[in-house]
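A structural walkthrough
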Protein chains: 2
Amino acid sequence: MKISLDGKWKFREVGSLEYLDGTVPGCVQLDLINLGRLPDPFYSSNEVLFYSLEEKDFEYVKEFYVENLDRYQVRKLVFEGIDTVADIYLNQYYLGRAENMFLKYEFDVSTALKEGKNTLKVILYSPIKEAERLKKVYQSKYDYPQRSWIRKAQYSYGWDWGPRILQMGIWRSIYLELHNGLEIVDEFIKTEHLSEDLAVVKVFARINSFEKPESGEIEISDGAEIKRLEPQVYKSKEGYFIEERIEIENPKLWFPNGYGEAHLYTFKIAVKTSNEVATKEVTTGLRTVRIIKEKDEYGESFIFEINGIKVFAKGANWIPADSILPRLTENDYKALINMAKDANMNMLRVWGGGIYEYDWFYNECDRNGIMVWQDFMFACSIYPDEFDFFVENFKKEAEYQIKRLRNHPCIVLWCGNNENNWGFRDWWNIGDPEFLGNRIYKKVLPQILLELDPTRPYHISSPYGGEHPNSEKAGDRHTWDIWSGWKDFIYYKHDNARFVSEFGFQAAAHIDTMKKYIPLKDQTIFSKVLRMHEKQDEGIERLIRYMAGWVGLPKDFDSFVYISQFVQKEAIKLAVEHYRKNKFRTAGALYWQLNDCWPVISWSSIDYLKRRKALYYESKRVFSKFLPAIEYENGRLKVKVVSDDITSRTGELLITIWDFDGRKHFERALKVNIPANDVTLAFDEKIENLNVLKGEYIYIPKQFEATMIGHRVDRGLLESIVFVSLIVDGREYENYFVFDKFINLELKPCQFEYEIKDDMLILRPRTPAVCLIIEADGDVENNFIFARPEKEYKIALNGANVTEVCDLLECLIR
Amino acid sequence: MKISLDGKWKFREVGSLEYLDGTVPGCVQLDLINLGRLPDPFYSSNEVLFYSLEEKDFEYVKEFYVENLDRYQVRKLVFEGIDTVADIYLNQYYLGRAENMFLKYEFDVSTALKEGKNTLKVILYSPIKEAERLKKVYQSKYDYPQRSWIRKAQYSYGWDWGPRILQMGIWRSIYLELHNGLEIVDEFIKTEHLSEDLAVVKVFARINSFEKPESGEIEISDGAEIKRLEPQVYKSKEGYFIEERIEIENPKLWFPNGYGEAHLYTFKIAVKTSNEVATKEVTTGLRTVRIIKEKDEYGESFIFEINGIKVFAKGANWIPADSILPRLTENDYKALINMAKDANMNMLRVWGGGIYEYDWFYNECDRNGIMVWQDFMFACSIYPDEFDFFVENFKKEAEYQIKRLRNHPCIVLWCGNNENNWGFRDWWNIGDPEFLGNRIYKKVLPQILLELDPTRPYHISSPYGGEHPNSEKAGDRHTWDIWSGWKDFIYYKHDNARFVSEFGFQAAAHIDTMKKYIPLKDQTIFSKVLRMHEKQDEGIERLIRYMAGWVGLPKDFDSFVYISQFVQKEAIKLAVEHYRKNKFRTAGALYWQLNDCWPVISWSSIDYLKRRKALYYESKRVFSKFLPAIEYENGRLKVKVVSDDITSRTGELLITIWDFDGRKHFERALKVNIPANDVTLAFDEKIENLNVLKGEYIYIPKQFEATMIGHRVDRGLLESIVFVSLIVDGREYENYFVFDKFINLELKPCQFEYEIKDDMLILRPRTPAVCLIIEADGDVENNFIFARPEKEYKIALNGANVTEVCDLLECLIR
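None of the values given here were measured: they were computed from a predicted structure.

What characterises a pair of aromatic rings is the spacing of the ring centres plus the angle enclosed by the ring planes. Inspection of the entire model under this criterion finds 138 aromatic pairs over all chains. Between Trp 351 of chain A and Trp 592 of chain A, the aromatic rings sit 5.5 Å apart at their centres with planes inclined by 75°, giving edge-to-face as the arrangement. Taken together, the residues Trp 351 of chain A in the loop between β27 (347–350) and α5 (359–368) and Trp 592 of chain A in the loop between β33 (588–591) and α13 (614–622) connect sequence positions 241 residues apart. Pair check on accessibility: Trp 351 of chain A and Trp 592 of chain A agree, each one buried. Each ring, one from Trp 422 of chain B and one from Trp 427 of chain B, has its centre 5.3 Å from the other, and the planes form 50°; the classification is tilted. By relative accessible area, which is 10% here, Trp 422 of chain B ends up buried. On the accessibility criterion, Trp 427 of chain B (36% relative accessible area) is partly exposed. Sitting above the plane of the Tyr 298 of chain B ring, Arg 585 of chain B keeps its charged end 3.7 Å from the centroid.

Time to look at the relation of the copies chain B and chain A. Superposing chain B onto chain A requires a rotation of 180° together with a translation of 0.0 Å along the rotation axis, leaving an RMSD of 0.0 Å. Here the symmetry operator amounts to a two-fold rotation axis. It is Arg 545 of chain B whose C-alpha, among those of chain B, lies nearest the rotation axis, at 2.6 Å. A share of 100% of interface residues in chain B that are also interface residues in chain A marks the association as one of identical surfaces.

Further remarks concern the pattern of salt bridges. All names here are of chain B. On inspection of all chains with the given rule, the structure shows 160 salt bridges over all chains. With a closest N to O distance of 2.6 Å, Arg 349 and Asp 375 form a salt bridge. Of this pair, Arg 349 sits in strand β27 (residues 347–350) while Asp 375 is found in strand β28 (residues 371–375), placing the two residues 26 residues apart along the sequence. The residues Arg 349 and Asp 375 share a single accessibility class, namely buried. For the salt bridge of Arg 621 with Glu 618, the shortest nitrogen-to-oxygen distance reads 3.1 Å. Of this pair, Arg 621 and Glu 618 both sit in helix α13 (residues 614–622), three residues apart, which is roughly one turn of the helix.

This next bit is on the nonpolar core. In terms of nonpolar packing, the biggest core is built from 454 residues, with Tyr 492 of chain A together with Leu 348 and Tyr 492 of chain B touching the most fellow members. Contacts of Tyr 492 of chain B, omitting those with residues within four sequence positions, involve Thr 479, Ile 482, Phe 503, Gly 504, Phe 505, Ala 571, Ile 572, Leu 574, Ala 575, His 578 and Tyr 579 of chain B.

Residue and element names in this part refer to chain B. Across the interface, helix α4 (residues 330–342) lies against helix α5 (residues 359–368) with an axial gap of 9 Å and an inter-helix angle of 35°. Viewed along their axes, α4 and α5 form a crossing whose handedness is right-handed. Contact residues: Glu 330, Tyr 333, Lys 334, Ile 337, Asn 338 and Lys 341 in α4; Trp 360, Phe 361, Glu 364, Cys 365, Arg 367 and Asn 368 in α5. For the contact of α4 with α5, the class distribution of residues is five nonpolar, two polar and five charged.

Moving on, we get to the UniProt feature "domain: Beta-mannosidase-like galactose-binding" (unreviewed entry) in chain A. Sites flagged by UniProt as "domain: Beta-mannosidase-like galactose-binding" (unreviewed entry) map to residues 9–172 of chain A. End C-alpha atoms of residues 9–172 of chain A are separated by 13 Å, and the span's content is 14% helix alongside 34% strand.

Quick notes on the rules
- Residues numbered from 1 in each chain as written.
- Chains lettered and ligands numbered in written order.
- Predicted model: local features only at pLDDT ≥ 70, side-chain atom pairs only at ≥ 80, totals over all residues.
- Heavy atoms only, no water.
- Phe/Tyr/Trp six-rings, centres within 6.5 Å; stacked < 30°, edge-to-face > 60°.
- Helix = DSSP H or I, 4+ residues; strand = E, 2+ residues; numbered from the N terminus.
- Buried < 20%, exposed > 50% of the residue type's maximum accessible area, 1.4 Å probe, protein only.
- Lys NZ or Arg CZ within 6 Å of the ring centre and 35° of its normal.
- Least-squares fit on C-alpha atoms with pLDDT ≥ 70 in both.
- Contact = heavy atoms within 4.5 Å.
- Salt bridge = Lys/Arg side-chain N within 4 Å of Asp/Glu carboxyl O.
- Core = buried A, V, L, I, M, F, W, Y, C linked by side-chain atoms within 4.5 Å.
- Axes fitted to C-alpha atoms, helices over the stretch in contact; angles between N-to-C directions.
- Left-handed = near helix turned anticlockwise from the far one by under 90°.
- Nonpolar A, V, L, I, M, F, W, Y, C, P; charged D, E, K, R; others polar.
- UniProt positions renumbered as here; feature names shortened; annotations may be inferred.

Here is the structure:
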């Protein structure tokens, strides 16, 4: 029996006389907001009001009543998560100390728990002060940052997309577990063999019991019942267990999104003793995973192979979806994972500076075919693993999390940390040290995983592989010379990474989100409040630098928001097109980052309120199964079609070229063969044959050696835009192309009509559009739209009211 | 006797039938402009019209008459400079080939020259094609750029501040030299000992003569006659020479600007034979120079010591003052060197990508006490010194230039090249190669200098010294992580270079210059024409990035020009204040760059038309002998006084603090002792005692670890401005300080009155000004002015008419 201790609690700052109403799961920050004692930290600059909390200690207290305790031989108090450093008292008993946010704590309360009224007290200590205490006690020669000492979500200390809100509290559920000793634990369902007509699965579980269980039962279903059997219960030194090899004929496999159904099976395990029954349900999928690491002309490949299929990983990095975690709900996860799926993603990386996510997350990924690259929670720092206390603490965390997560088919990789090994090399210049985290990444984790989950690959760090941790030749790579290193995003085209697990480009949040959280008077490009919502040092400067290089400067705040989103989507479009055309030399492109933890200018495609930025719409297009991509090189215009389909297909390709006045200069329709899981050149023609050249020349400044010189170009090219449409199986895949950076083009605003009918916006362009922005009070189906004449665009409004449709050009100082 | 062949010539493209009027000294480009066949290359994008010339060959022809040739035993044709690859014919004779722009060519024309009419023909070959030819002939495994093959000013191939105009022509004078064999050559005046009461000078000269000269005479004067003596004429294997050790009592030394008079002596050397007299005048100065390179706690010092005085080098880098060299006049040099002197500079670096300058340059530097750091002409490339032809060509150049320049006291250092050794290490990753230029810098040059000029230090490259060529620990350093590397200029404060021979920050040219060369319709921030006048790749982006980080965005073209200049001057002010306060850990600060070669957005402080940018006015202030510099650290406001005076002084310091509404919060007047050639802390007070704090707090976003957090600051600081005035010997030295980046301040536009009286603008501020801009049609005495209330500012207008005086804040999108 479980008795929840969630719900209403009391809390106070240690030393204060006044108890306030608190909630579990929850945290001090959330409680104070709910009480109205602190305002929304996300509005304006309110974040700063939360800084002082981090130096304080808090006490949470709950009185509760229990009865008939003598019916249960086993009485446990379970904390699913405490954030972070805390002492726990039940009645007059000290139960112990918590010091790891990522760990489940269980206390035997057979003695401490009483019939009737009980008082549970949790004292939470300032993580800042605790870190300082540890520093003093352990006296390392290394200057570890405060956050490295505490096993707590690292992003809460402030990140370059997140506020500094050091959450403190009982952030997950608490309950009493009362029973008579029978428990199923450590359940693990391993696929041992998988082919089209047969899966062999090994079901393992340990059984805690005071007596030998009478019998076990395993029932496999996926809606319909598949199999039911009665496994033997064995005994070993460690106790009772079941271990059953099960054959499933004609199994339905779990496929990543885009490759088939993400089929799931439920395994129900039951055991009973003379007086007790225990059951456990595990939902999992049947799939194989390996990383193809083979030497080739470029170095060594890094390709995820799922069920024997090479999969180009398309997706993004995932960060915690709120800076105040306990207010996240299952619906938040459903919505976000669904959006990832709708954007044709097949992989998310749970980044090491956040948390091992809620079950909701992995369940949704299981269901939606979203592969998960799972980091262990270390990021961008050195860690004190020279000390055994730290390693022991982490070992418990790893064991707990691996057992918790190993049955999720979505997880395809364990990864030791985020960027720490890169940091050893390039940031801290300490080579490849024995400690500082490496003991964990290189020794502890491989050992634990060998024992607890040998079914998935383990990767030491992200990035890692090759001679240099961030090599283009092997392993994965984080491409940050662009954006962080200020490099122009045209250079994505030179990135030959084997797998790009991070690359990204910032933009403002959705305009409505910006306006909701930035007070009207502060809605200017350089207001201090706006700049409090841009967490990267010199982030605003970078936004403006890239605007200046590609488009121009915004004329006001709204324009700033729109242009930032346009540039972001163009940068990522360029990158992803390049990476996908380079498949499988490059075998994955996960942009930084899918989501936000608060309203902020960041690299995300979906903002904190789950509103879509321009990049979100672009992701959908650029990650789609078939991608027609246009390029212009050495005087030839080419269309390449990237296919992630596992069978070869045919399609209808339509190429049209227009000038910005709406004159059509070229049209070609052709049937194309699209080889499976490959890239094919579908169109290749000399520019002279496309009727766009005018013989009138113009000079645009271009780099030549160390200088910028006038580069002679036919004016016709700067006045042209190419559209491509590919129809496969009745579905249309579109793309567009211009012959230079927008700032060099002879752009003209699009002339168009639109009408709204049946919750649809029907758009009829008379001249080509590079970017039309629909201003509406809700999330419309598509936005930041490129569009060609002769086509009618129907955009579902999803109930939103349209205020205006405008051309991006109107946003610019001209 | 010299017979000039300058003046009117004929020229044509090789293959063309039409001869056109040309000029010597001159070049094809200038001739075509003068003929109206090509427009001003500096206007609009006209530069592009000049590109095609570089692939063509040209022929220059002159007919001239000579008489009485038989009077002269020696008949030479002298070219002071040919640019660059040329074959030379006199009448039916082929005289030879020129292939080095930096060399004087002399041909014996005893045979070729006729009585009466002569025809001299110079065929100039495309430097591009010649480089390609050499590439093919020599077949190196290294891919040298075209420009590396040809001994021609490297900047003419296009630089990040200069257009690509490959000047071709007879760029310096030509003359016939007719005499009977007596010549004084290789004159060299060496100071062998120098003290207050005695200079010992060795005068050396070689004498070409068919017979033993009868006698010599040396006359030393500096207005007044100092000494006259008759040296012996010696004979050695190489021929006749004089070598005379001369004592000058109570010599007047040559001092750098700011350290005393740049006193010059003229040495007139005469020799005669039975039938001929030859004389030579050398103007030189008496001074010693060495670089103090001593190990210290930071590494190794790099301090110029002149006449026993440690001199902090203040100045800038010098580039050719025109992309079309032959139109430069002595007056251009006089004006520019005078401006450098007026800006309190004491050193210019003649950068290796330009030319060994005209005599005018060194004469003016001699006269004005401007020390010259003289590079040899190699820049930012690898050079084919694996081939003897290249080394031999260079050797002649080096010998010629060293002999030509070694008597100039202004030159204090020979330097092998610009940035090539840095490039070996960091750009081309080729370590420290044997060739690629290193043969010249490390073997050839030291040997030649040992022989021809052992009186000055030689430095292998700029930058060079220490373990890394661009080390902060030894040698000189080019600080380019700021600007080129996009780093914020606040980081100048962390640069502990021993000598900063390059650092810089761009801005637009003077507004009138911009408007003169950019057509009205193109006067927008992103027009293609404007961007043709910004030669650095992503230069505009950088300008805007720093504006965005410090000030805000410009509202229009004029504002863009003004703000760019303001940011430039603030960046360099910050840097120079830091470097000077760091003296002699840092012993020099030469910003990139003094001047321009065309109208351009560049790092210069003086634009092509010699108009002053904001940085010019700032240079004057920040390089002045006494610099009061304000800083705020750890809650204390400090004033440090940097003195470059060689004697200790006293001064009157006035510190006032105001808010932007014009209220005075603090005033302190004090007498200060200013130790000689040092930095002294003149004022140091806790901010609490300065009456500026309000106890009202505001949060500004500041970097903390990996994120930006709200940084709590007293609003009073953001509303305050500090002014300091130091009076020494009746001269006032001013400075100002604000407590954060301008974008974080609570700035208000200055309220002021002004009147114009007697060609003076009299300015009376009622509230403090950070930057007042005087718009006028000429160069006023001061501009981009900070100003405090209670003071009247008198600015000489030098005849200019004032249109408006405005506050910089009015330039911003607010």
